[in-house]
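# Fold and geometry: a report
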Amino acid sequence: GNSVTQMEGPVTLSEEAFLTINCTYTATGYPSLFWYVQYPGEGLQLLLKATKADDKGSNKGFEATYRKETTSFHLEKGSVQVSDSAVYFCALSVAGNNRKLIWGLGTSLAVNP
Amino acid sequence: DTAVSQTPKYLVTQMGNDKSIKCEQNLGHDTMYWYKQDSKKFLKIMFSYNNKELIINETVPNRFSPKSPDKAHLNLHINSLELGDSAVYFCASSQSGTDTQYFGPGTRLTVL
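We now turn to the structure provided with this report. If you're wondering where the values come from, they're calculated on a predicted model, not measured in any experiment.

## Remarks on the pattern of salt bridges
- The tally for this structure, following the rule as stated, stands at six salt bridges over all chains.
- Between A:Glu63 and A:Lys56 there is a salt bridge; the shortest N-O distance is 3.6 Å.
- The partly exposed category is assigned to A:Glu63, whose relative accessible area is 34%.
- Between B:Glu82 and B:Arg63 there is a salt bridge, with the nearest N and O atoms lying 3.4 Å from each other. Separated by 19 residues along the polypeptide, B:Glu82 in the loop between β8 (73-78) and β9 (87-94) and B:Arg63 in the loop between β6 (53-57) and β7 (64-70) bring together distant segments of the chain.
- With relative accessibility at 41%, the residue B:Glu82 sits in the partly exposed group.
- Judged by its relative accessible area of 13%, B:Arg63 falls in the buried class.
- Taken together, the salt bridges that share partners define one network made up of B:Arg63, B:Glu82 and B:Asp85.

## Quick word on the interface of chain B and chain A
- Across the boundary between the two partners, chain B contributes 21 residues, which contact 19 residues of chain A.
- Between chain B and chain A the total buried area reaches about 1,600 Å² when both faces are included, carbon and sulfur atoms providing 53% of it.
- For chain B, the biggest contributors to the area lost against chain A are B:Leu43, B:Asp99 and B:Phe103; these three give 32% of the whole.
- Our enumeration of links across chain B and chain A arrives at one salt bridge.
- A salt bridge links A:Lys100 to B:Glu58, with the shortest nitrogen-to-oxygen separation between them at 3.1 Å.
- Between chain B and chain A we count seven residue pairs in polar contact (both at pLDDT 80 or more) in total.

## Structural notes on the packing of aromatic side chains
Residue and element names in this part refer to chain A.
- Tallied over the full model, the rule gives twelve aromatic pairs over all chains.
- Ring plane angle 40° and centroid distance 6.2 Å describe the contact between Phe34 and Tyr36, whose orientation is recorded as tilted. Each member of the pair, Phe34 together with Tyr36, is buried.

## Topic: the state of the cysteines
- Taken as a whole and judged by the stated rule, the model has two disulfides over all chains.
- Shown here is the disulfide that connects A:Cys23 with A:Cys90, its sulfur atoms set 1.9 Å apart. What sets the handedness of the A:Cys23 and A:Cys90 disulfide is the S-S torsion sign, and at about -70° it is left-handed. On the criterion of sequence distance, the pair formed by A:Cys23 in strand β4 (residues 23-26) and A:Cys90 in strand β10 (residues 86-93) is long-range, its members being 67 residues apart.
- A relative accessible area of 1% places A:Cys23 in the buried class.
- The disulfide bridge from B:Cys23 ends at B:Cys91, spanning 1.9 Å between sulfur atoms.

## Focus: the sheet that holds strand β3 (residues 19-21) of chain A
Residues and elements named next belong to chain A.
- Pairing is antiparallel in the open sheet, where four strands are placed in the order β3-β9-β8-β7. The sheet is open, and its two edges are formed by β3 and β7 (56-59), each paired on a single side. On average, each strand axis in the sheet is inclined to that of its neighbour by 15°, with strand direction left out of account.
- Examined bridge by bridge, β7 and strand β8 (residues 62-65) share four bridges and lie antiparallel to one another. Bridged to Lys56 within β8 is Thr65.

## What about the environment of B:Thr107?
Residue and element names in this part refer to chain B.
- Relative to the assigned elements, Thr107 resides in strand β11 (residues 107-111).
- Thr107 gets classed as buried once you look at its relative accessible area, which sits at 0%.
- Expressed as a C-alpha distance, the spacing of Thr107 and Phe90, which sit 17 residues apart in the sequence, is 6.5 Å.
- Within polar-contact distance, the side chain of Thr107 engages the side chain of Gln6 at 3.1 Å.

## Quick look at the environment of B:Ser68
Residues and elements named next belong to chain B.
- Here Ser68 shows up in strand β7.
- Side-chain polar atoms of Ser68 contact the backbone oxygen of Asp70, separated by 3.0 Å.
- Within the structure, Ser68 has its side chain in polar contact with the backbone oxygen of His73 (distance 3.0 Å).

Calculation criteria
- Residues numbered from 1 in each chain as written.
- Chains lettered and ligands numbered in written order.
- Predicted model: local features only at pLDDT ≥ 70, side-chain atom pairs only at ≥ 80, totals over all residues.
- Heavy atoms only, no water.
- Salt bridge = Lys/Arg side-chain N within 4 Å of Asp/Glu carboxyl O.
- Buried < 20%, exposed > 50% of the residue type's maximum accessible area, 1.4 Å probe, protein only.
- Helix = DSSP H or I, 4+ residues; strand = E, 2+ residues; numbered from the N terminus.
- Contact = heavy atoms within 4.5 Å.
- Buried area = accessible area lost by both parts, 1.4 Å probe.
- Polar contact = N/O pair within 3.5 Å; in protein donor to acceptor, adjacent residues only side chain to side chain.
- Phe/Tyr/Trp six-rings, centres within 6.5 Å; stacked < 30°, edge-to-face > 60°.
- Disulfide = S-S within 2.5 Å.
- Pairing = 2+ DSSP bridges.
- Axes fitted to C-alpha atoms, helices over the stretch in contact; angles between N-to-C directions.

Keep in mind that these numbers describe shape and distance, not what the molecule does.
This is how it looks when you write it as structure tokens:
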């Protein structure tokens, strides 16, 4: 079946530290991969996505590369800010599955000044 | 301009009551969703409608009944509320053929 596994949190970093949140997946077919972010008290919003192998999604200084060989889509940012404190969700969708998103459990990130 | 809106934002009620949550989107999308997010942030899809037709109906108690009067609206009615229904409920929308979903701000339901 289709599933997403992401690293457990919480992750606590100091401002300007390097961030990696790991995400691996299993899927039938060729999934599209997503990172969504949920700021405190808000709904989720798309952070970035990649639709085929070797694609790199990027937004707001965050990046993730679709690695088919390792079935991974790790989220990275070179220098985090306090305003990046949020919960990050990795997700995938597979065509023909009513476009249902399969979600990871979410990783909470806290950035301290 | 709010893209996906939900009302109410907070809902506190007693066990056994019946309540509804409303969702509206002004993005022109044809697909809408209801999700439940528990206290550990776990996100679970409940229902999805495409052009007012139910296309996803996950294992959800039949006390939960969605209704889509038109493409822009998806409401969720919950009968006989239980303590375990306490959660944040999110509405989302998307356009057929695309994967990106747009979320509302959520409705925090507390059942006492």
